[in-house]
Amino acid sequence: MTLLLTWFPIILGVGVGGRLLGRTRGFGLGILCALFWIVLVQASAGAEVWFHPWTVAGLIAGAVTIVSMGGWSGEIALEPRSNRAASTEPTTAAAAAERRPLDQVSAILDQFDDWLEDHRKDNNPWPKFDEFVRTVLYNCCGATHVRPYRLMADSEELVPLSEADPFSEENPLSARQGIIGHVVTTGRTYLDNDGTHGELVSRLAEESSETIAWCFAVRQGATRLGVVVVGHLEVAPDLQRQFLRTVERLVVRLWCSLLEVHRSRSAVLDDPVSGLLTREAFLAVAEQSLAESYAQGEPVAAVVVTLERLRELNDSGRWEVADELVRMVGQALRRKVRMDDRLGRFDGSRFVLLLRRVDSELASLIVAQIMSQLEKICSEESRWQASIVVRCGVAGSGTEDPDLRGLLSRALMQCHRARTADIPIASDLKPPPVAGAVSS
């Protein structure tokens, strides 16, 4: 009992000390504590302790145990530190790699919230959204040569979100041909070198005139909205298929969100028949465009288009026919103007345009092209069962900076002069000729 009562606390102290000091110093501490224990036992039991063989054997065994405990506890102290240093780095790197896709998705959502707040009231936010999609795909997947297309309503044509020049003669992209047409019609995503597609789909991709690494459709339920085509990907599709699928669905959701916001805004600002801005909305956006043009020293021109005898269709109860005519005129006007021009339906039979960066002379040439299209539409008397006449008045800002209402009043006056002179177009550059006059 004398041996155990003194040995037990000493060996516990050696274990704690060795763990703090390390292996070499732990051995030294064990030797000192073993000697101390032997001296302490002899002081307690006297010299007689050395005359009993079993007691001597117990002293030797206890001393060896104390020394071993010092070295062993010191070795344990070193091993976990090295193991922890070796195992912590890979664990941290793996956790960061797993967290990276989630961080990217979270960052995209935050960026879209800010972007939508800035462009919510844009008359045409799609070109800016085209840039946003390109940036997102590049940052997430290293995607380059990205081309988002939207499917035109009641058509099989794909047009870029960036809104190419409406006067361009380039052939539109078909929504039913090649690998892009396959993706649009079926809704199935295409990834280069993906063996799950099948031989026929791979052959379609090989026959394409351009390199396509990734192509996915944009849908809202069963409605086809468009397609996103990627020419090159830095990530390996076979290793990042699930991540690419997540990014794809995220882009589709953002596209649909913007579409709903744009539709909600259009329901308030757009005329439901013509699809053009209402008079109040036109005056608001045109006022801003006019101020921007004057600030940059650009000329502007106001154009008023009138459909004479349109009221006869409404008075005779053929409202559907009148609405169809107004709808076709609105579509023709949208196709013939640029993105930053402004269009509106002023009242039942009159439409108004604000053309930027053009003077009266150039505006008259542009209006002449527009009028040729409108006259073709209105000349179908058998369809409308009425003789619809189109007239137009043009007024430019000239060397002055008239306000919007003054500019529109001058264009309305020119439209009235065109009717008085029985000519299709009247401009403020020169008075219209007198009807029936014979040139000398």
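The sections below set out a description of the structure shown in this document. Note that the structure is predicted; figures quoted are calculated from it, not measured.

## Here's the deal with the side chain of Asp271
Step number 1: Considering the arrangement of structural elements, one finds Asp271 in the loop between helix H7 (241-269) and helix H8 (279-295).
Step number 2: Here Ser274 takes part through its backbone nitrogen, which lies 2.8 Å from a polar atom of the side chain of Asp271.
Step number 3: Contacts of Asp271, omitting those with residues within four sequence positions, involve Leu276, Leu277, Thr278 and Arg345.

## Some thoughts on the packing of helix H4 (residues 126-141) against H7
Step number 1: Closest axis-to-axis distance for the H4/H7 pair is 11 Å, and the angle between their directions is 165°. With respect to each other, H4 and H7 are oriented roughly antiparallel. When the axes of H4 and H7 are compared, the crossing they make is right-handed. Between H4 and H7, the contacting residues are Trp126, Phe129, Phe132, Val133, Leu137, Cys140 and Cys141 on the first element and Phe243, Leu244, Val247, Val251, Leu254, Trp255, Leu258, Leu259 and His262 on the second.
Step number 2: Taken together, the residues of the contact of H4 with H7 break down into 15 nonpolar, one polar and no charged.

## Notes on the layout of surface pockets
Step number 1: Space inside the second largest pocket adds up to approximately 460 Å³.
Step number 2: For the second largest pocket, the lining is made up of 18 residues, of which Asp122, Asn123, Asn124, Met339 and Arg342 are closest to its centre.
Step number 3: Of all the elements in the fold, those that place two or more residues in the lining of the second largest pocket are H4 and H8.
Step number 4: With five residues, H8 is the largest single contributor of residues to the lining of the second largest pocket.
Step number 5: Looking at the lining of the second largest pocket, its residues break down into four nonpolar, five polar and nine charged.

## Thoughts on the sheet that holds strand S3 (residues 173-174)
Step number 1: With antiparallel pairing, six strands are arranged side by side in an open sheet as S3-S2-S1-S6-S5-S4. Edge strands, defined here as strands with exactly one partner in the open sheet, are S3 and strand S4 (190-191).
Step number 2: Bridge count between strand S1 (residues 144-151) and strand S2 (residues 157-160): three bridges; the pairing is antiparallel. Among the inter-strand pairings, Leu151 is bridged to a residue of S2, identified as Leu158.
Step number 3: Most of the contacts of helix H5 (residues 178-186) go to strand S5 (residues 214-220), to which it runs at about 30°, and overall it touches S2, S3, S4, S5 and strand S6 (223-232).

Scoring rules and cut-offs
- Residues numbered from 1 in each chain as written.
- Predicted model: local features only at pLDDT ≥ 70, side-chain atom pairs only at ≥ 80, totals over all residues.
- Heavy atoms only, no water.
- Helix = DSSP H or I, 4+ residues; strand = E, 2+ residues; numbered from the N terminus.
- Polar contact = N/O pair within 3.5 Å; in protein donor to acceptor, adjacent residues only side chain to side chain.
- Contact = heavy atoms within 4.5 Å.
- Axes fitted to C-alpha atoms, helices over the stretch in contact; angles between N-to-C directions.
- Parallel < 35°, antiparallel > 145°, perpendicular 65-115°, else oblique.
- Left-handed = near helix turned anticlockwise from the far one by under 90°.
- Nonpolar A, V, L, I, M, F, W, Y, C, P; charged D, E, K, R; others polar.
- 1 Å grid on protein atoms, 1.4 Å probe; cavity = no way out; pocket = protein on both sides within 12 Å on 5 of 7 lines; lining within 4 Å.
- Points joined across faces, edges and corners; volume = space filled by probe spheres on them.
- Pairing = 2+ DSSP bridges.

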